[in-house]
Structure formats: structure tokens, C-alpha cells
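Architecture and fold: a report
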Amino acid sequence: AQKVTQAQTEISVVEKEDVTLDCVYETRDTTYYLFWYKQPPSGELVFLIRRNSFDEQNEISGRYSWNFQKSTSSFNFTITASQVVDSAVYFCALSEGGSSYKLIFGSGTRLLVRP
Amino acid sequence: NAGVMQNPRHLVRRRGQEARLRCSPMKGHSHVYWYRQLPEEGLKFMVYLQKENIIDESGMPKERFSAEFPKEGPSILRIQQVVRGDSAAYFCASSPTGAGSADTQYFGPGTRLTVL
């Protein structure tokens, strides 16, 4: 069965600290896709990244970076030099090749960045 | 370049009333998905629609819930005879293509339904 686990319910850091949000997934498919979404206090869901299972290259986008490791079924998200505006709930999600439209979300990690 | 639009943003209903949630996909997108987010939880898939077709409604409760995406106009998620347990945020997402392509889904701002 497919499953996404975000074990960290809530993380609190001080501005400028680096922070890593963990995501572990389970799937029996060899073709799958992983996503991260951000949900700021205003409530909307903002797409951050999509990665397919054949591309294990890590990605960096500004202060954001993602570490995809198939060997440990993890897709972790790091924010470097965190800012107050990074405060949000972050969701990791999985979709499988056969029913790729059905996103399976983790329960989310609430990040609080304090000034 | 408007994103996914949902209205209303907040909806209050009394038990037994009907709730109608609307979703207009991004321009050029013909695939719509509805998800429900209960308090303090992640989103759960409900239904996937293309114009005039329901492709997968496996995540939708069998009773009281229905969805449509007509040829013209927005997609509608309808909840009849609402109960307190229906209180949640309902998100709509859209993509340009659908099943088999793993297109990225872009989400609307959600409708927060409160049942009194």
C-alpha cells in the first residue's frame, strides 16, 4: 500500500537557522512521483517541487533543496537560512505511475520560524 | 494568468442543509480533482473529473456527496444534508492532462466548510 510519513509534527527554529523536513514514503511501484507543497497560514496550497522516481539528482532552488534517496525511500526538504515567511505547514505527497493523478499526502509538518 | 479559483472561500451551513462548492480550473486545464482536508490532517483524494466525465470517485463517500464538471462552467462538489463531520477544507486542483501523465496538480485556495 502507498503511504507517506512525515514524522515531524512541528518544528520551531530561529530565523537564519537551517531546517530539514523529513519525508518517508512506501510504494510497490517502480514508477512514481514525489511532491512537496507549502500551506502558509492563509491556507492555500503552493506547489514547490515534483520529482519522478528515475531522477535521483538532488535539486536546489534558492534557499530550498531536496534530497531524494531511493535506498531509504526518503525525499527530504531543507530550507537554508530560514526566514519568518517560511512559516507554514509543508506536505510531502506521492503518486504512483498507474494512478498518477491520485496524490497521497503525508500529515504535514508545521514549521515555525521565529524572528 | 489566473490560478485555480474556488468559491466561496468560507461556507457555513446548518445540519441538514446542502453545500455547493465551485471550482474553476486554470486556463487550459481540463482535469479537475477534489481533495478534503480534515483539521490537522493531510489532504485526502475524493474525485477526479474531466469535462462531463467522472473518471475516479473512489475517495468520495457513497452517500450525500456528488461531483460534476459540465461542458460549460465550473466543477461543482455538492454535499447534501450536511453533518458536523463534513466540516473541513475542500481543495480543488487542476492539471492540463490527467491519468497516466503525472502532471503537476495546481491547487486552489480551498473552501472552508463549517457545519453548525
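Residues numbered from 1 in each chain as written. Chains lettered and ligands numbered in written order. Predicted model: local features only at pLDDT ≥ 70, side-chain atom pairs only at ≥ 80, totals over all residues. Heavy atoms only, no water.

**Overview of the interface of chain A and chain B**
Taken together, the contact between chain A and chain B spans 19 residues of the former and 26 residues of the latter. Here chain A and chain B share one salt bridge between them. Along the contact surface separating chain A from chain B lie nine residue pairs in polar contact (both at pLDDT 80 or more). Residue assignment for the side of chain A that touches chain B shows that the elements contributing at least two residues are β5 (32–39) and β6 (46–52) of chain A. (Contact = heavy atoms within 4.5 Å. Salt bridge = Lys/Arg side-chain N within 4 Å of Asp/Glu carboxyl O. Polar contact = N/O pair within 3.5 Å; in protein donor to acceptor, adjacent residues only side chain to side chain. Helix = DSSP H or I, 4+ residues; strand = E, 2+ residues; numbered from the N terminus.)

**Focus on the nonpolar core**
Soluble globular proteins tend to pack their nonpolar side chains together in the buried interior. Counting 24 residues, the largest nonpolar core has W36(A), F77(A), Y90(A) and L111(A) as the members making the most contacts within it. In terms of residues, this core owes the most to one element, strand β10 (residues 88–96) of chain A, which gives four residues. Setting aside residues no more than four positions away along its own chain, F77(A) makes contact with V19(A), T20(A), L21(A), W36(A), L48(A), Y64(A), S65(A), W66(A) and Y90(A). Ranked by size, the runner-up nonpolar core spans 23 residues in total, among them L11(B), C23(B), V32(B) and C92(B). (Core = buried A, V, L, I, M, F, W, Y, C linked by side-chain atoms within 4.5 Å. Buried < 20%, exposed > 50% of the residue type's maximum accessible area, 1.4 Å probe, protein only.)

**Focus: the packing of aromatic side chains**
Taken as a whole, this structure holds 21 aromatic pairs over all chains when the rule is applied. For the pair Y101(A) and Y48(B), a centre-to-centre distance of 4.5 Å together with 35° between the ring planes defines the contact as tilted. Taken together, the positions of Y101(A) in the loop between β10 and β11 (104–105) and Y48(B) in strand β5 (residues 43–50) put the pair across two chains. Residue Y101(A) shares its accessibility class with Y48(B), and that shared class is buried. Ring-pair connections join several aromatic residues into one group, and the members of that group are F35(A), Y37(A), F47(A), F91(A), Y101(A), F105(A), Y33(B), Y35(B), F45(B), Y48(B), Y106(B) and F107(B). (Phe/Tyr/Trp six-rings, centres within 6.5 Å; stacked < 30°, edge-to-face > 60°.)

**Brief notes about the pattern of salt bridges**
The full count for this structure, using the stated rule, is eight salt bridges over all chains. Its salt-bridge partner being R63(A), residue D86(A) comes within 2.8 Å of it at the nearest N-O pair. Residue D86(A) is located in the loop between β9 (74–79) and β10, and its partner R63(A) is located in the loop between β7 (59–61) and β8 (64–69); the two are separated by 23 residues in the primary sequence. Judged by relative accessible area, D86(A) falls into the buried class, the value being 1%. When its relative accessible area of 24% is taken as the criterion, R63(A) is described as partly exposed. In this structure, the salt-bridge partner of E18(B) is R20(B), at a minimum N-O distance of 2.9 Å. You can call E18(B) partly exposed: its relative accessible area is 30%.

Nothing here speaks to function; it is all geometry.
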